[in-house]
Amino acid sequence: MARVLVQDGAFDLAAEFAALTAGRCDIGGVGAFVGTVREISGGRRLTAMTLEHYPAMTAAALARIAAEAERRWDLLGCTLIHRIGRLEPGAPIVLVLAAAAHRDAALAATAFLIDWLKTRAPFWKKECFADGEAHWVEARAEDEAAAARWSGEPG
Amino acid sequence: MARVLVQDGAFDLAAEFAALTAGRCDIGGVGAFVGTVREISGGRRLTAMTLEHYPAMTAAALARIAAEAERRWDLLGCTLIHRIGRLEPGAPIVLVLAAAAHRDAALAATAFLIDWLKTRAPFWKKECFADGEAHWVEARAEDEAAAARWSGEPG
Amino acid sequence: MRARSLHILYFAWLRERLGLGEECLALPDGVDSVGTLIAWLRRRDDRYGAIFAEGRLVRCAVNQEFAGPDTPLAAGDEVAFFPPVTGG
Amino acid sequence: MRARSLHILYFAWLRERLGLGEECLALPDGVDSVGTLIAWLRRRDDRYGAIFAEGRLVRCAVNQEFAGPDTPLAAGDEVAFFPPVTGG
């Protein structure tokens with residue numbers, strides 16, 4: 001039921017919202033999250049971020065994350081789109097949408113999907129700075145902690 | 001800083017997202033919620049919902065709710081749009097957007113804004129059913145409980 | 001004169017049951033708060049008696065801010081009565 | 001033959017430090033798990049020694065599923081090594 005995409009180009013928020021909700025009258029709320037590239041990272045100015053992934057694994061990993069959300073909440077659909085390649089400051093990186101009859105499920109599933117995506121989907125970010133230096137972003141303890149919130153059951 | 005609107009017509013999700021994020025490179029995430037009209041309510045088929053409000057109070061009430069979100073979280077902008085008038089099943093009713101440097105603030109503020117909007121903004125829904133009956137929706141204890149979650153401080 | 005009156009608004013089922021969306025009222029003797037206004041309206045007419053008998057379901061705003069029975073009233077104020085809100 | 005080999009993939013800084021994105025390897029004697037493969041690679045070449053010395057920062061997937069040191073390996077498997085993920 002989930003729509004899962006990995007792509008170079010930008011996603012179309014309105015088109016994705018329309019695709020998720022088209023012809024449906026059972027949805028009471030849609031939660032969404034869009035992650036974007038920040039220009040300042042660790043106090044330095046970013047010129048671009050490059051996203052690498054593990055193509056053979058990515059779609060399946062995203063589908064598993066979506067399936068887990070669907071197991072935990074009564075969702076009426078969800079969408080996960082992650083961009084790869086070179087992205088400049090301000091560019092959207094990731095889109096999460098979750099539709100449900102009630103807003104609590106839609107909003108909780110949205111938070112769950114982005115938390116799990118950040119810790120369980122095989123993407124890696126490399127930051128390129130204005131001073132010419134480049135480095136791979138390190139995983140953040142905060143992201144692990146956010147994902148660990150969901151180790152219990154739905155709620 | 002917040003954009004607050006009450007209108008009859010549909011809102012344009014992509015345009016609102018673009019307006020919130022245009023020219024900014026300090027946003028790391030945008031949370032969103034769209035509430036839509038469900039066709040089945042209390043087991044009966046809805047033909048339409050009519051939303052009434054208190055015009056002299058509404059914009060100020062929404063602005064206060066947005067200001068409270070901005071006080072609680074480091075937001076880089078937020079948008080609250082609520083429709084009024086006659087809305088058919090499937091139609092979007094309300095849009096919440098919250099932008100922040102980090103996703104936890106964006107997502108928490110999104111949930112806060114819709115919870116407070118549901119319990120503190122002067123809107124009333126009337127449901128019209130296929131059998132000709134119509135009634136005013138009663139406030140839900142769940143909505144009061146959801147809003148009460150936020151009675152403490154940010155977190 | 002409006003400035004010496006209360007401007008009272010009714011919304012949703014209160015408006016429908018009263019058959020009235022708003023009215024202006026010269027501030028009655030003894031009315032100095034939301035609570036005393038409600039008591040006065042209940043005595044005035046059965047229709048008001050009926051809507052305020054379900055008092056726990058009626059909310060109030062004075063000059064566009066949520067108010068309670070103890071909120072003071074003065075001439076020129078805008079008072080609104082409505083059910084608990086159900087937007088969103 | 002590929003089916004009798006391990007197919008090994010490296011991502012992000014592991015790929016860059018090795019100068020290698022993937023390789024095929026006849027299953028060495030004694031290698032039957034992720035842990036024994038890492039031990040074999042570390043003995044094979046200093047470059048591998050260097051990346052796996054930072055072992056706590058290296059994650060693994062076997063046949064596109066997250067795996068640990070005890071995950072068994074057999075000829076034909078696809079093994080990937082990478083840092084903790086940082087998408088989203």
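Refer to the structure printed above.
Treat the numbers as computed from the prediction; the structure is a model and nothing was measured. (Residues numbered from 1 in each chain as written. Chains lettered and ligands numbered in written order. Predicted model: local features only at pLDDT ≥ 70, side-chain atom pairs only at ≥ 80, totals over all residues. Heavy atoms only, no water.)

### Here we look at the sheet that holds strand E1 (residues 5-10) of chain D
Residue and element names in this part refer to chain D. The five strands lie next to each other as E2-E1-E5-E3-E4, forming an open sheet whose pairing is mixed. Every other strand in the sheet has two partners, leaving strand E2 (22-26) and strand E4 (65-67) as the edge strands with one partner each. On average, each strand axis in the sheet is tilted by 30° relative to the strand beside it, whichever way the strands run. In this structure, strand E3 (residues 59-62) lies alongside E4, joined through three bridges in antiparallel fashion. Bridge pairing in E4 places Cys60 opposite Ala67. (Pairing = 2+ DSSP bridges. Helix = DSSP H or I, 4+ residues; strand = E, 2+ residues; numbered from the N terminus. Axes fitted to C-alpha atoms, helices over the stretch in contact; angles between N-to-C directions.)

### Quick look at the interface of chain B and chain C
Between chain B and chain C, the contact holds 25 residues from the first and 19 residues from the second. Roughly 1800 Å² is buried in total at the junction of chain B and chain C, and carbon and sulfur atoms are behind 60% of that figure. Broken down residue by residue, the surface that chain B buries against chain C is led by B:Tyr54, B:Trp124 and B:Trp136, which jointly contribute 35%. Our count for the contact surface shared by chain B and chain C stands at three salt bridges. B:Arg64 is the partner of C:Glu65 in a salt bridge, and the nearest nitrogen-oxygen pair spans 3.6 Å. Along the contact surface separating chain B from chain C lie 11 residue pairs in polar contact (both at pLDDT 80 or more). Counting residues per element, the side of chain B that touches chain C draws most heavily on helix H3 (residues 103-120) of chain B, which supplies five residues. When its residues are assigned to classes, the side of chain B that touches chain C shows 15 nonpolar, three polar and seven charged. (Contact = heavy atoms within 4.5 Å. Buried area = accessible area lost by both parts, 1.4 Å probe. Salt bridge = Lys/Arg side-chain N within 4 Å of Asp/Glu carboxyl O. Polar contact = N/O pair within 3.5 Å; in protein donor to acceptor, adjacent residues only side chain to side chain. Nonpolar A, V, L, I, M, F, W, Y, C, P; charged D, E, K, R; others polar.)

### Thoughts on the relation of the copies chain B and chain A
The transformation that overlays chain B on chain A combines an axial shift of 0.0 Å with a rotation of 180°, and the residual RMSD is 0.0 Å. Such a turn and shift between the copies fits a two-fold axis. Both copies share a contact surface, since 100% of the interface residues of chain B are interface residues in chain A too. (Least-squares fit on C-alpha atoms with pLDDT ≥ 70 in both.)

### Thoughts on the interface of chain B and chain A
Where the parts come together, the accessible area they lose is often given as the size of the interface. Taken together, the contacts link 33 residues of chain B with 33 residues of chain A. With both sides pooled, the region where chain B packs onto chain A buries about 2500 Å², and carbon together with sulfur makes up 57% of that total. For the pair chain B and chain A, the number of links is four salt bridges. Among the salt bridges present, the one from A:Asp143 reaches B:Arg103, with a minimum N-O distance of 2.8 Å. Summed over the shared surface of chain B and chain A, the result is 13 residue pairs in polar contact (both at pLDDT 80 or more). Of all elements in the fold, only helix H1 (13-21), strand E2 (29-36), H3 and helix H4 (141-148) of chain B reach the threshold of two or more residues within the side of chain B that touches chain A. The dominant element in the side of chain B that touches chain A, judged by the number of residues it contributes, is E2(B), at eight residues. Taken together, the residues of the side of chain B that touches chain A sort by class into 16 nonpolar, eight polar and nine charged. Sheet analysis places strand E2 (residues 29-36) of chain A next to E2(B), joined by seven bridges and oriented antiparallel.

### Topic: the sheet that holds strand E7 (residues 92-100) of chain A
Pairing within the open sheet is mixed, and its eight strands lie in the order E1(A)-E5(A)-E7(A)-E2(A)-E2(B)-E7(B)-E5(B)-E1(B). Each edge of the open sheet is held by one strand with a lone partner, namely strand E1 (3-7) of chain A together with strand E1 (3-7) of chain B. Each neighbouring strand pair of the sheet contributes to a mean axis angle of 10°, computed without reference to strand direction. For strand E5 (residues 75-83) of chain B and strand E7 (residues 92-100) of chain B, the ladder comprises seven bridges, and the chain directions are antiparallel.

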